Amino acid sequence: MNNIIDISEGQKGNNVMNSTALIIASNKSKKAQLINHLTATGLFQQIKPLGSSADLFQHLKSKPADMVCWAIEKKSRKADWINKLHSNEKWHDLPLIAFAEDQQGLLNGFQLGASDSVHVEIDPIELSARMNRHLERWQRLLELRQSKEQLQKMALTDPLTKLGNRATFDMSIKQAAACSQRSGVPYSLLMIDLDHFKKFNDSYGHQAGDSVLRLVADAIRNSARNADICCRYGGEEFAVILPDTKGNNAEVLAARIHKQVAKVSCKQPSGRMPITVSIGISCANRSSNIHPAQLIEEADQALYQAKKHGRNRTEIWQAEDIMSRVPFNYISTEQLAFGTY
């Protein structure tokens, strides 16, 4: 009796909505009664009877629902599962309809937190109208929630490269620093700058420059791990925050980025100047007690050294000195911008 009932096939002539209803009832007869009620409304594609409130939360962990229908017991005075449902941000507005057998049950349904409370022998037309109103409100809330999430994502995303923007970077590096302080694990920062980008823009135009920014952003994204946070820091400069990563491991990512950018350069029209990047690396852990602003400054200094030493290379910041840690064999040809692959 706890299997999902798909009624869309049998109701093709009716206006069946793409909605799912969950039923909580203590016995088979009440479950059957509620199934009949919901089926008659023609509002649901799927109806799933559940054995208990525990089954409800198990379902909601991974599957959608648009309404919960509950056969309230006559002596029900407490329903902690409703408080649990309402305390969850994702489900606190989920329509919950209590079905009662008498006036006291109707009142108990409202008092315990149901969205609506109806008599189990309610007129089918009235039930359909009530449920349709709840479903419409729920769908509007879902649409508003989706719009809000999209706006939040847009606010944290660079529109050109689709990487995180400066706001994402500022927030993420503070979080990485706090996590490092708590756990003692290091984290690293890569500052990446396109070489001679102003000259590229002046030579080939801003549209070509924007295209290169997008391609380099893709190269960085494709080189990074899932846990790494890739952002456009500003202009032609990018940043990658690497949680739980030492400096020498950050160099591995830098090498991948150089190689991916070389592939981008090879695909540019013949005769164009090569596309290369310079990278500066800094690393922090709990023992060094480095403020995020200082880590950024150190990575910038390493990036400056990479520029100073000829560009198209990686430098890692050291407390006493700045050393080149990533020797690459640069082949100066129009076809190959950085190293070999």
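Residue positions within a chain follow its written sequence, with the count starting from 1. Given that this is a predicted model, residues contribute local features only at a pLDDT of at least 70 and side-chain atom pairs are listed and counted only at 80 or more, while totals for whole chains, interfaces and linings are drawn from all residues. Excluded from the side-chain calculation are hydrogens and water; included are all heavy atoms of the structure.

**Here we look at the overall build of the chain**
So, step 1. Helix and strand assignments come from DSSP, with helices taken as H or I runs of at least 4 residues and strands as E runs of at least 2, each series counted from the N terminus. Counting secondary structure elements, the chain contains 10 helices and 12 strands.
So, step 2. Partly exposed describes any residue whose relative accessible area lies between the buried limit of under 20% and the exposed limit of over 50%, with all areas from a 1.4 Å probe on protein chains only and scaled to the type maximum. Counting every position in the chain, which comprises 341 residues, the buried fraction comes to 46%.
So, step 3. In the chain, of all internal contacts separated by at least 6 residues, the share reaching a separation of at least 24 is 69%.
So, step 4. Only the protein chains shown count as cover for residues, and all accessible areas are computed by the Shrake-Rupley method using a 1.4 Å probe. Of the accessible surface of the chain, which amounts to about 17900 Å², a share of 49% is contributed by carbon and sulfur atoms. Contact between two residues is taken to exist if any of their heavy atoms lie within 4.5 Å; hydrogens are not considered.

**Digging into the packing of aromatic side chains**
So, step 1. Put simply, two rings from Phe, Tyr or Trp (the six-membered ring, in Trp's case) pair if the centres are within 6.5 Å, and we call them stacked under 30 degrees between planes, edge-to-face over 60, tilted for the rest. Applying the stated criterion across every chain, the model contains four aromatic pairs.
So, step 2. On the numbers, 6.4 Å between centres and 20° between planes, the contact of Trp-91 with Trp-138 is stacked. Pair noted here: Trp-91 is in the loop between helix H3 (80–87) and strand E5 (96–100) and Trp-138 is in helix H5 (residues 124–155), with a separation of 47 residues, a long-range link.
So, step 3. For Trp-91, a relative accessible area of 9% puts it in the buried group.
So, step 4. Trp-138 sits in the buried class, given a relative accessible area of 1%.
So, step 5. Its guanidinium or amino end placed over the ring of Tyr-233, Arg-166 lies 4.1 Å from that ring's centre, counting from NZ or CZ.
So, step 6. Over a ring means this: the NZ of a Lys or the CZ of an Arg is within 6 Å of the ring centre and within 35 degrees of the ring normal. Between Arg-272 and the ring centre of Tyr-204, over which it is positioned, the NZ or CZ distance is 4.9 Å.

**Topic: H5**
So, step 1. Here H5 is 32 residues long and its end C-alpha atoms lie 46 Å apart, about the 46 Å a rise of 1.5 Å per residue gives.
So, step 2. Leu-127, Ser-128, Met-131, His-134, Leu-135 and Trp-138 are the residues of H5 that are buried.
So, step 3. Packed against the buried residues of H5 are helix H1 (28–41), strand E4 (67–71), E5 and strand E6 (116–119).
So, step 4. Measuring from the backbone nitrogen of Ile-125 back to the side-chain oxygen at the start of H5 gives 3.1 Å, which picks out Asp-123 as the cap. Multiply 1.5 Å by the residue count of a helix minus one, and that product is the helix's expected span. Here a polar contact is taken to be a pair of N or O atoms separated by no more than 3.5 Å, where protein atoms must pair a possible hydrogen donor with a possible acceptor and residues adjacent in sequence count only if both atoms sit in side chains.

**Some points on the confidence of the model for the chain**
A low pLDDT means the predicted coordinates there should not be read in detail.
So, step 1. Scored from 0 to 100, pLDDT reflects the predictor's confidence in each residue. Overall, the prediction assigns the chain a mean pLDDT of 86, with 86% of residues at 70 or greater.
So, step 2. For the chain, the element scoring lowest by mean pLDDT is strand E12 (residues 322–323), at 44; strand E9 (residues 237–242) scores highest, at 97.
So, step 3. Confidence drops under a pLDDT of 50 for residues 10–16, and excluding neighbours within four residues, the segment shows six contacts in the predicted structure.
So, step 4. Segment residues 321–341: pLDDT under 50, and 48 contacts once partners within four positions in sequence are set aside and those in other chains are kept.

**Focus on the side chain of Ser-278**
So, step 1. Assignment of secondary structure puts Ser-278 in strand E10 (residues 277–284).
So, step 2. The class for Ser-278 is buried, based on a relative accessible area of 0%.
So, step 3. A distance of 2.7 Å separates polar atoms of two side chains, one belonging to Ser-278 and the other to Asp-195.
So, step 4. Non-local contacts of Ser-278, meaning those with residues more than four positions away in its chain, are made with Met-191, Ile-192, Asp-193, Asp-195, Leu-303, Ala-306, Lys-307, Arg-311, Asn-312 and Arg-313.

**Some remarks on the packing of helix H6 (residues 166–183) against helix H10 (residues 292–308)**
So, step 1. Interaxial distance between H6 and H10 falls to 10 Å at its minimum, and their mutual angle equals 110°. In terms of orientation, H6 lies roughly perpendicular with respect to H10. In terms of crossing hand, the pair formed by H6 and H10 is right-handed. Residue-level contacts link Phe-169, Ile-173 and Ala-177 of H6 to Pro-292, Leu-295 and Ile-296 of H10.
So, step 2. Considering only residue class, the contact of H6 with H10 consists of six nonpolar, no polar and no charged. Helix axes use the C-alpha atoms of the stretch in contact, all axes being lines fitted to C-alpha atoms, and the angles between their N-to-C directions lie in the range 0 to 180 degrees. Between 65 and 115 degrees an angle is taken as roughly perpendicular, under 35 as roughly parallel, over 145 as roughly antiparallel, and anywhere else as oblique. Throughout, a crossing is termed right-handed when the near helix is turned clockwise from the far one, and left-handed when it is turned anticlockwise from it by less than a right angle. Each residue receives one of three labels: charged for Asp, Glu, Lys and Arg, nonpolar for Ala, Val, Leu, Ile, Met, Phe, Trp, Tyr, Cys and Pro, and polar for the others, Gly being one of them.

**Quick word on the side chain of Asp-116**
So, step 1. The residue Asp-116 is located in strand E6 in this model.
So, step 2. Overall, Asp-116 belongs to the buried group, its relative accessible area being 7%.
So, step 3. In terms of polar contacts, Asp-116 uses its side chain to reach the side chain of His-134, at 3.2 Å.

**Side note on the pairing of E10**
So, step 1. The buried fraction of E10 amounts to seven of the eight residues, a majority that puts the element mostly inside the structure.
So, step 2. Any two strands with at least two DSSP-identified bridges between them are counted as paired. As paired strands, strand E7 (residues 187–194) and E10 are joined by eight bridges and run antiparallel to one another. The residue bridging Met-191 from the neighbouring strand is Gly-280, located in E10.
So, step 3. In the sheet, E10 pairs with strand E11 (residues 314–317) via three bridges, with the strands oriented parallel. Residue Ile-281 lies in a different strand from E11, and its bridge partner there is Ile-316.

**Overview of H6**
So, step 1. In this model H6 runs 26 Å from its N-terminal to its C-terminal C-alpha over 18 residues, within 8% of the 26 Å that 1.5 Å per residue would give.
So, step 2. Within H6 the residues assigned to the buried category are Thr-168, Phe-169, Ser-172, Ile-173, Ala-176, Ala-177 and Ser-180. Along the axis of H6, the buried positions cluster into a sector of 155°, meaning they face one direction only. Exposed side chains of H6 directed beyond 90 degrees from the buried face belong to Lys-174 and Arg-182. To obtain the arc, one takes the directions from the helix axis to the C-beta atoms.

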